[in-house]
Amino acid sequence: MTHLLYGIFIDPFVQMAAAPDLLVQTLWEGLVSGVLYALIALGFVLIFKASGVFNFAQGIMVVFSALTLVGLNEHGVPAYLALALTIVVMLVLAIAVERVILRPLVNQPDIILFMATFGLTYFLIGLGELIFGGDPKIMISDQLRLPSGSYRIPVFGGYVQMQKIDIAATIIASLMVATLAVLFNRTRIGRALRAVADSHKAALSVGISLEQIWVIVWFAAGIVALATGIMWGARSNVSFALEIIALKALPVLILGGFTSIPGAIIGGIIIGVGEKFGEFYWGPLLGSGIESWLAYVIALVFLLFRPQGLFGERIIERL
Amino acid sequence: MGRTVGGPILEVEGISLSFGGVVALQAVSFDVREHEIRAIIGPNGAGKSSLLNVINGFYHPQEGSVSFMGTKRRSVDPHEAALQGIARTFQNIALFRGMTTLDNLMTGRALKMKSSFVQQVIYWGAARREELEHRARVEEIIDFLEIQHIRRTPVGRLPYGLQKRVELGRALAMEPELLLLDEPMAGMNVEEKQDMCRFILEVNDQLGTTIVLIEHDMSVVMDLSDRVAVLNYGRKIADGTPDEVRHDRAVIDAYLGVAQ
Amino acid sequence: MLYREVGQYKTSYRADQALFPILQDRIGIAVILLLAFVGVPLTASSFTIDSILIPVLVLALAATGLNLLTGYTGLLSLGTGGFMGVGAFACYKLTTLFPGVNIIILILCSGFFAAAVGTVFGLPSLRIKGFYLAVATLAAQFFLSWCFIRIPWLYNYNVSASIEVPTKTLFGLAVTGPTSSPVTRYLIVLSIVAFLTLVAANLVRGRIGRTWMAVRDMDLAAELIGIRLYQTKLLAFAVSSFYCGVAGAIMVFLWLGNAESESFNINQSFLILFMVIIGGLGSLLGSFLGAALIWGLPIVLRAAPAFFGVNIRSATAEQISFVIVGALIIFFLIVEPYGLARLWQVGKQKLRMWPFPY
């Protein structure tokens, strides 16, 4: 029993202090995966902010976009052209989703739209497998001129290894977030997006075209998904397993709120770092693989204390 | 009318309620006597619905207390309010849209149905007897409210006026001591209003149910109620018989306009 | 004109409350039960029983469980696979610990274990609602999946982390394990499923079903009628998980014969959820229709092209069925959110008029 208590409350911290360079390494890895989770969450936030739809299919969009890119390249299309074509495909997808799913279901309760995105997810999984096959693929990092290799930085007597692709991912993610934040808050389109998020009816009555906004937003989410797919694919590979990993964005959203872009980032980092630390320092005690559920449990515990998440708004129900 | 008004069964004392920075009610006190029909009137936003919500247990006031049948509390749970015998209808209709009229009324009997889980699983025997017993009671209410023809219609499909009637039926199914009606005639045409008035009067007359009524139609208020309380900006500005209130200066200024 | 109710007056509320108040429905159900209990064992092939009938019955039971929670009470759950797994592993451990006890009793007991676990994971419903609760059930699903691999005691320290079903007998007949015949297993599955469906029907038409639906439709209004929200939600979790647990147990013991953690993963949860959505949320009939459609679709897709002389690989048929199921979900949500069950009801209404147009 004392062994268990020691293992939970004392030992991990002893380990952290004993090898500070490993601590920094874990912190860095947590940060990177957190940033990638945040990117997926960002796609959710975009769509939710503007259409009130919780897009469960965001994860599969990450996979699907990456698969399209690699698939095109496999068939001989040069890398940058493939990239451009994939962007077009994501636009087509956005238009199709708006026309086929969003428009007919515009007045239904949120839970129905949520379930419709389940259908979309399975549809894309099947379609993706049919077109591209089910085997994992390798991201075309070289062709896209993505950096490879790593830096070794001496720290605390040891050293930390940082993959260049990870650094690139962090920078690109930050740029995307900054761009989207500016887009939302400073431009005319952004204002229209916020109006639509607030009230469809009111937005319609001032002449904002819901359909256009929705296409724009789903397309933007598609671009974010593509960027995430490229980064993630470059770090490991492109496979449908990624779809399940993308579900981790849900705890991120719970922490960060569904409508907050900075919330998605902070939530992502908390989940990413929390998960890595849990896996590395507490994992050996509980057995491997706890990262499959740790993020959800962290979010659950959070919800019990703050049912509306870190940044969410408290909804007062009027009777 | 064949009933006599008794002593107070509901006493609201010094209720103050605010949400964030918005003050909904300020030091409101009034009482409701047994068997009477009490109206609450006032302009929109005056806090009438909030007051009902406090009595009912949905809102918890920052100050003041509510005494019902002798039990004095700062705040109650909605569940407790129901147990005490308070039933309610809503401005925006709070019916269970996925269920039929009959089922909606039967849910009103929830507190009175005591069969256990195991009995429900078996169904034949105790659970069925209880179900039929309560079905018979609910059918009496259905007859009374003349809604036999829509018994099996999902309430979401009913026109507004009928939905309001069904909601009244569900409240009656609880066999309440105190019935809170929030704008029961809103959106109804003349005939529907007359029917509703008739129902309210009969409930009060034959069952002796005490009724608190929020209403905007002044002729209805004057005809039906024994006493009227007037709210404005969260404060009570008048309280008395319909005649007294109609001629009250403050009420005319705030709400009624020039008396006809 | 066949389906007219004219002339069938209910002279008592008792007759009105019956499960099948219309005579034609009663006849229909009697015929179906006769076919199921007598006709099938006499005529159906082992293949049909093992690959179609038993799976559909098992999945329909799980779908019924999920329907009670999500369709009737309105609590979206993505943990169905996990709860099925709890039932399966509980049954396995029970047969290991109590080898002499009747397997039917053990199966029902494992349902209670699943109910207990389900209630625990339903505890957050006190504070968490709607979508957030669905994420909490995801936590349950991933955690349980992890447990099924990481707790070797569950699978008796088997090296491959899978469970094999021992041969159990009933009245001298082998009912589980490799020596049991499909017909025997089918009849047991059918009996269990029929019984539990009857129980569900009783729950749903009485007080408890109404309180569940009230919580689903407007929980604030339910509160003011005196319904205790928390108890109602927890009961829904408990009963639903019981059904899923039993389904998991019979899935392993009377259908597959073995299982591992993968059999109860998130994909299983989605599969059952889709059955409920397509079949009809809030309809017991829908659970069966949805199970039949989703299970039958890949089979039809594999068999039909062969009928026309075209061969497609099994994996391709699987992928095509994903595409079709995904599209069907969207289609049903748009066109008929109450699923196949409502289409069936509408069809029956048309039957009342047929062959007249109006």
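Residues numbered from 1 in each chain as written. Chains lettered and ligands numbered in written order. Predicted model: local features only at pLDDT ≥ 70, side-chain atom pairs only at ≥ 80, totals over all residues. Heavy atoms only, no water.

## Focus: the environment of Tyr-80 of chain A
Residues and elements named next belong to chain A. Structurally, Tyr-80 is set in helix α4 (residues 79-102). On the accessibility criterion, Tyr-80 (46% relative accessible area) is partly exposed. Residues Tyr-80 and Gly-157 lie 77 residues apart in sequence; the distance between their C-alpha atoms is 43 Å. Apart from the residues within four sequence positions on either side, Tyr-80 is in contact with Gln-143, Leu-144 and Arg-145. (Helix = DSSP H or I, 4+ residues; strand = E, 2+ residues; numbered from the N terminus. Buried < 20%, exposed > 50% of the residue type's maximum accessible area, 1.4 Å probe, protein only. Contact = heavy atoms within 4.5 Å.)

## Re the sheet that holds strand β10 (residues 235-240) of chain B
All names here are of chain B. Strands sit in the order β6-β7-β8-β3-β9-β10 across an open sheet of 6 strands; the sheet is mixed. Looking at the sheet topology across the chains shown, the edges are occupied by β6 (86-89) and β10. Along the sheet, successive strands turn relative to each other by an average axial angle of 15°, direction set aside. Note: strand β7 (residues 178-182) against strand β8 (residues 210-214), 5 bridges, orientation parallel. Among the inter-strand pairings, Leu-181 is bridged to a residue of β8, identified as Leu-213. Packing of helix α7 (residues 190-207) onto the sheet brings it into contact with β3 (37-41), β7 and β8, and relative to β8 it is tilted by some 155°. (Pairing = 2+ DSSP bridges. Axes fitted to C-alpha atoms, helices over the stretch in contact; angles between N-to-C directions.)

## With respect to the pattern of salt bridges
Residues and elements named next belong to chain B. Tallied over the entire structure, the rule returns 25 salt bridges over all chains. Residues Glu-139 and Arg-135 are paired through a salt bridge, measuring 2.9 Å at the closest nitrogen-oxygen approach. Remark: Arg-135 and Glu-139 occur in helix α5 (residues 126-145); sequence separation between them is 4 residues, near one turn of the helix. Taking the relative accessible area as the measure of exposure, Glu-139 reaches 3% and is therefore buried. Exposure remark for Arg-135: the relative accessible area of 2% places this residue in the buried category. If you follow the salt bridges from partner to partner, you end up with Asp-31, Glu-36, Arg-38, Arg-227, Lys-236 and Asp-239 in one network. (Salt bridge = Lys/Arg side-chain N within 4 Å of Asp/Glu carboxyl O.)

## Considerations on the sheet that holds strand β1 (residues 8-19) of chain B
All names here are of chain B. Within the open sheet, the 4 strands sit side by side as β2-β1-β4-β5. Their pairing is antiparallel. The strands lining the two open edges of the sheet, one partner per strand, are β2 (22-33) and β5 (71-73). Pairs of neighbouring strands in the sheet enclose a mean axial angle of 15°, with direction left out of account. Of the pairings in the sheet, the one linking strand β4 (residues 63-68) to β5 comprises 3 bridges and is antiparallel in character. Note that in β5 the partner of Phe-68 across the bridge is Thr-71.

## Considerations on unusual backbone geometry
Residues and elements named next belong to chain B. Phi angles above zero are rare outside glycine, and Ile-93 is one such case at about 60°. Tracing the sequence through the fold places Ile-93 in the loop between β6 and α3 (101-107). In this structure, Glu-175 takes a positive phi of about 50° despite not being glycine. The class of Glu-175 is partly exposed, set by a relative accessible area of 36%.

## Re the interface of chain A and chain C
When the parts of a complex come together, some accessible area is lost, and that lost area is often taken as the interface size. Each side of the interface is counted separately: chain A has 43 residues, and chain C has 35 residues. In terms of surface lost to chain C, no three residues of chain A exceed Met-115, Tyr-122 and Trp-293 of chain A, which account for 18% of the buried area on that side. At the junction of chain A and chain C, the tally comes to 0 salt bridges. Here the element with the most residues in the side of chain A that touches chain C is helix α5 (residues 110-132) of chain A; it accounts for 15 residues. Among the residues forming the side of chain A that touches chain C, the class breakdown is 34 nonpolar, 7 polar and 2 charged. (Buried area = accessible area lost by both parts, 1.4 Å probe. Nonpolar A, V, L, I, M, F, W, Y, C, P; charged D, E, K, R; others polar.)

## Some points on helix α8 (residues 207-217) of chain C
Of all 11 residues that make up α8 of chain C, 9 are buried, and the element is covered over most of its length. If you check which residues of α8 of chain C are buried, you get Arg-207, Ile-208, Gly-209, Arg-210, Thr-211, Trp-212, Met-213, Ala-214 and Val-215 of chain C.

## Considering helix α11 (residues 266-279) of chain C
All names here are of chain C. Here α11 contains 14 residues, and its C-alpha end-to-end distance of 20 Å stays within 8% of the 20 Å for a straight helix at 1.5 Å per residue. A large share of α11 lies buried, amounting to 12 of its 14 residues. Those residues of α11 not exposed but buried are Ile-266, Gln-268, Ser-269, Phe-270, Ile-272, Leu-273, Phe-274, Met-275, Val-276, Ile-277, Ile-278 and Gly-279. N-capping of α11 is provided by Asn-265, with a side-chain oxygen placed 3.1 Å from the backbone N of Asn-267. Note on α11: the residue one or two positions beyond its end, Gly-280, has a positive phi of about 135°. (Expected span 1.5 Å × (residues − 1). Polar contact = N/O pair within 3.5 Å; in protein donor to acceptor, adjacent residues only side chain to side chain.)

## Side note on the nonpolar core
Within the largest apolar cluster, 290 residues are counted, with the highest numbers of intra-cluster contacts made by Trp-218 and Leu-250 of chain A. Looking at this core, the element that brings in the most residues is helix α10 (residues 229-256) of chain C, giving 17 residues. Leave out the neighbours within four places in its chain, and Leu-250 of chain A touches Phe-44, Phe-54 and Phe-56 of chain A together with Phe-131, Val-135 and Leu-138 of chain C. Listed in part, the 10 residues of the second largest apolar core include Ala-39, Ile-41, Val-230 and Ala-238 of chain B. (Core = buried A, V, L, I, M, F, W, Y, C linked by side-chain atoms within 4.5 Å.)

## A few points about the pairing of β3 of chain B
All names here are of chain B. Of all 5 residues making up β3, 5 are buried, and the element is well covered by its neighbours. Every second residue of β3 is oriented toward a common face, with Ile-37, Ala-39 and Ile-41 on one face and Arg-38 and Ile-40 on the other, all of them buried. Note: β3 against β8, 4 bridges, orientation parallel. Of the residues in β8, the one forming a bridge with Ile-40 is Ile-214. Where β3 and strand β9 (residues 227-232) come together, 4 bridges link them in parallel fashion. Pairing of Arg-38 across the sheet is with Arg-227, part of β9.

## A closer look at the confidence of the model for chain A
The share of residues in chain A with pLDDT of 70 or more is 96%, and the mean pLDDT across the chain is 83. No element of chain A has a lower mean pLDDT than helix α8 (residues 200-205) of chain A, which averages 75, and none a higher one than α4 of chain A, which averages 91. (pLDDT = per-residue confidence, 0-100.)

## With respect to the packing of α4 of chain A against helix α9 (residues 210-235) of chain A
All names here are of chain A. Orientation of α4 relative to α9, taken along the N-to-C sense of each, is 135°, at an axis distance of 8 Å. By the angle between their axes, α4 is oblique relative to α9. By crossing handedness, the relation of α4 to α9 is classed as right-handed. Contacts between α4 and α9 involve Leu-83, Thr-86, Ile-87, Met-90, Leu-91, Ala-94, Ile-95, Val-97, Glu-98 and Leu-102 from the first element and Glu-211, Trp-214, Val-215, Trp-218, Phe-219, Gly-222, Ile-223, Leu-226 and Ile-230 from the second. Classifying every residue of the contact of α4 with α9 gives 15 nonpolar, 2 polar and 2 charged. (Parallel < 35°, antiparallel > 145°, perpendicular 65-115°, else oblique. Left-handed = near helix turned anticlockwise from the far one by under 90°.)

## Observations regarding the environment of Ile-330 of chain C
Within the secondary structure, Ile-330 of chain C is located in helix α13 (residues 314-335). Sequence separation between Ile-330 of chain C and Ile-277 of chain C is 53 residues; the distance between their C-alpha atoms is 9.8 Å.

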